Amino acid sequence: MKVFIGGSISIKYLDYEVQDELDKIINGELEILVGDAYGVDKLVQKYLDKNGYRDVTVYAINGCARNNIGLWKVQAIEVPSSIYGREFYTYKDFAMSTDCDFGFMIWDGKSKGTQANILRLINMNKGVYVYLPYQRQMKSINDYKDYKKLMEEIQ
């Protein structure tokens, strides 16, 4: 089983609830797919490295990882040189969404990229756990009905 872990760049630390979920993933010996961004990606990488977890793949645009703390294998995602901005990083997120079996997103309730990942995963019929740090709540999102309820709760 492969899990795509991602989240908001604005998040500066991992709550105990997130660490507990990461421990379950580690103990279940799941393969972790994570990006190379700052925020949640880097925090998750630090946690995994601190715990000596090796079954990790870092997805990076054109193979140039901004963060690869555990020196894990890198999955290069090729992006045409004509692509810029948010769309540039969407290629990487799409690849992780495609390659995983389910997702775990740590979302500030504002990040459009994390929101797009949640929606993309459910549109691919993949479940996603969403942790909302400012509410200290974990939600299981399995379909569009769950997604709409989540969106109503954060507004």
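Residues numbered from 1 in each chain as written. Predicted model: local features only at pLDDT ≥ 70, side-chain atom pairs only at ≥ 80, totals over all residues. Heavy atoms only, no water.

Asker: Can you break down the overall build of the protein residue by residue, with the values?
Answerer: The helix and strand tally for the protein stands at five helices and seven strands. Secondary structure elements of the protein, listed N to C terminal, follow the sequence β-α-β-α-β-β-α-β-α-β-β-α. Relative to the 2.2 N^0.38 estimate, which gives 15 Å for 155 residues, the radius of gyration of the protein is 14 Å and therefore close to what a compact globule would have. Dimensions along the principal axes, computed over C-alpha positions, put the protein at roughly 40 × 35 × 30 Å. A burial count over the protein gives 51% of its 155 residues as buried. Across the protein, the fraction of contacts at a sequence separation of at least 24, relative to all contacts at a separation of at least 6, is 60%. Of the charged side chains in the protein, 20 are positive and 21 negative; the average position of the first set lies 4 Å away from that of the second. (Helix = DSSP H or I, 4+ residues; strand = E, 2+ residues; numbered from the N terminus. Rg over C-alpha atoms; globule rule 2.2 N^0.38 Å. Buried < 20%, exposed > 50% of the residue type's maximum accessible area, 1.4 Å probe, protein only. Contact = heavy atoms within 4.5 Å. Lys, Arg positive; Asp, Glu negative; His and termini not counted. Charge placed at Lys NZ, Arg CZ, Asp CG, Glu CD.)

Asker: Report on unusual backbone geometry, specifying residues and quantitative values.
Answerer: A positive phi angle is found at Asn125, which is not glycine, with a value near 60 degrees. The topology assignment puts Asn125 in the loop between α4 (112-123) and β6 (128-132). For Asn125, a relative accessible area of 72% translates into the label exposed.

Asker: So what's going on with helix α1 (residues 16-27)? Residues and values would help.
Answerer: Look at α1: 16 Å from first C-alpha to last across 12 residues, which is about the 16 Å you get at 1.5 Å a residue. Three or more residues of α1 are buried, namely Val18, Gln19, Glu21, Leu22, Ile25 and Ile26. One side of α1 carries all its buried residues, which in axial view fall inside an arc of 160 degrees. Counted as exposed and oriented over 90 degrees from the buried face of α1: Tyr16, Lys24 and Asn27. Tucked into the core, α1 has its buried residues touching β1 (2-7), β2 (31-34), α2 (40-50), β5 (102-106), β6 and β7 (137-141). In the stretch just after α1, Glu29 is the one whose phi turns positive, near 55 degrees. (Expected span 1.5 Å × (residues − 1). Arc of directions from axis to C-beta.)

Asker: Which residues make up the environment of Val18, and what are the values?
Answerer: Residue position: Val18 is located in helix α1. Residues in contact with Val18, not counting those within four places in the same chain, are Phe104, Ile106 and Tyr131.

Asker: Provide a residue-level description of the nonpolar core, including the pertinent values.
Answerer: Ranked by size, the top nonpolar core spans 24 residues in total, and within it Ile5, Leu22, Ile32 and Phe104 carry the most contacts. The set of elements that each furnish at least two residues to this core consists of β1, α1, β2, α2, β3 (56-61) and β5. Non-local contacts of Ile32, meaning those with residues more than four positions away in its chain, are made with Val3, Ile5, Ile25, Leu48, Tyr53, Asp55, Val56 and Thr57. Phe4, Ala95, Met105 and Ile122 belong to the second largest nonpolar core, which has 19 residues in total. (Core = buried A, V, L, I, M, F, W, Y, C linked by side-chain atoms within 4.5 Å.)

Asker: Which residues make up the side chain of Ser97, and what values do they have?
Answerer: Within the secondary structure, Ser97 sits in helix α3 (residues 85-99). With sequence-adjacent residues up to four places away left out, Ser97 is seen in contact with Phe4, Asn117, Arg120, Leu121, Met124 and Lys126.

Asker: Tell me about the pairing of β2, residues and numbers included.
Answerer: Residues Glu31 and Leu33 of β2 are buried on one face, and the alternating residues Ile32 and Val34, pointing to the opposite face, are buried as well. Pairing of β1 with β2, which is carried by four bridges, proceeds in the parallel orientation. Its bridge partner lying in β2, Val3 is registered against Ile32. Crossover connection from β1 via α1 to parallel β2: handedness right-handed. Of the strand pairs in this sheet, β2 and β3 are connected by three bridges, and their pairing is parallel. Within β3, the position partnered with Val34 by the bridge is Val58. (Pairing = 2+ DSSP bridges. Right-handed = clockwise from strand over helix to strand, strands pointing away.)

Function-wise, these values are silent; they only describe arrangement.
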